[in-house]
Amino acid sequence: MSIEKFQKLISTVVPLPIENVDTDQIIPARFLKAVERKGFGDNLFRDWRYRKDGTPNPDFVLNDKRYSGRILAAGKNFGSGSSREHAAWAVYDAGFRVVISSFFADIFKSNVLNNGLLPVQVSEEFLADIFRTVEADPSAGFEVDLQNQIIRNLNKGIDVKFDINPYKKECLLIGYDDIDFLLSLKKEIIAFEQAF
């Protein structure tokens, strides 16, 4: 599956300042029956987003009309728990392209990178500043520049660098998943095989 190219994104931020959000909170297990990557966004944070009777919980951020955008800022240790790839599908299907946190669970980080999402790990201080900025001004803009590995608070003019695996960076920049990347090397692989 090819993924959408990611080079630079300017967006507002949806703030979720909750720590230790695990994959069962991101997408509850009862919604894992589908095998296609579609429709999971409707159930992103389902048990927080909706009341037991199915009506939207007005106190949850995804139901707050003040907040929108393609960037999700989450508290420390986002994506812990099980290795379910559906959590990455749900975040992507809900329209997010970037998830910011001060720490990601390793398997979740790998899954989001494999599915066209960019996990941006920042210091706890910078994350707290994002939350303060968005609370003061929900229309505050942030720029994520993958090529230069910079996230910028446009309201304050503050930049910070972030790390990313060079291979995964290249895949996101050109819109390749792992299979696309291997197929792009087909000639080189054939030439290598024929050399022996």
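This text goes with the structure placed above it.
Note that the coordinates shown come from a computational prediction; the quantities given were computed from them, not determined experimentally.

(A) Spatial organisation of helix α3 (residues 86-93). Where burial is concerned, most of α3 is hidden: 6 out of the 8 residues are buried. Buried within α3 are the following residues: H86, A87, A88, W89, A90 and V91. Considering only its buried residues, α3 is in contact with α1 (23-26), β4 (98-101) and α4 (106-114). Count one or two residues on from α3 and you reach G95, which has phi positive near 105 degrees.

(B) Quick look at the pairing of strand β1 (residues 8-11). Only one face of β1 is buried, namely the one carrying L9 and S11, since none of K8 and I10 on the opposite face is buried. Pairing analysis gives 4 bridges linking β1 to strand β6 (residues 142-145), with the strands arranged antiparallel. Its bridge partner lying in β6, L9 is registered against V144.

(C) Local environment of the sheet that holds strand β8 (residues 158-161). Taken together, 4 strands build an open sheet; the order of strands is β1-β6-β7-β8 and the sheet is antiparallel. Each edge of the open sheet is held by one strand with a lone partner, namely β1 and β8. The average angle at which neighbouring strand axes cross in this sheet is 15 degrees, direction not considered.

Criteria and cut-off values
Residues numbered from 1 in each chain as written. Predicted model: local features only at pLDDT ≥ 70, side-chain atom pairs only at ≥ 80, totals over all residues. Heavy atoms only, no water. Buried < 20%, exposed > 50% of the residue type's maximum accessible area, 1.4 Å probe, protein only. Helix = DSSP H or I, 4+ residues; strand = E, 2+ residues; numbered from the N terminus. Contact = heavy atoms within 4.5 Å. Pairing = 2+ DSSP bridges. Axes fitted to C-alpha atoms, helices over the stretch in contact; angles between N-to-C directions.

Spatial relationships are all this shows, so hold off on functional conclusions.
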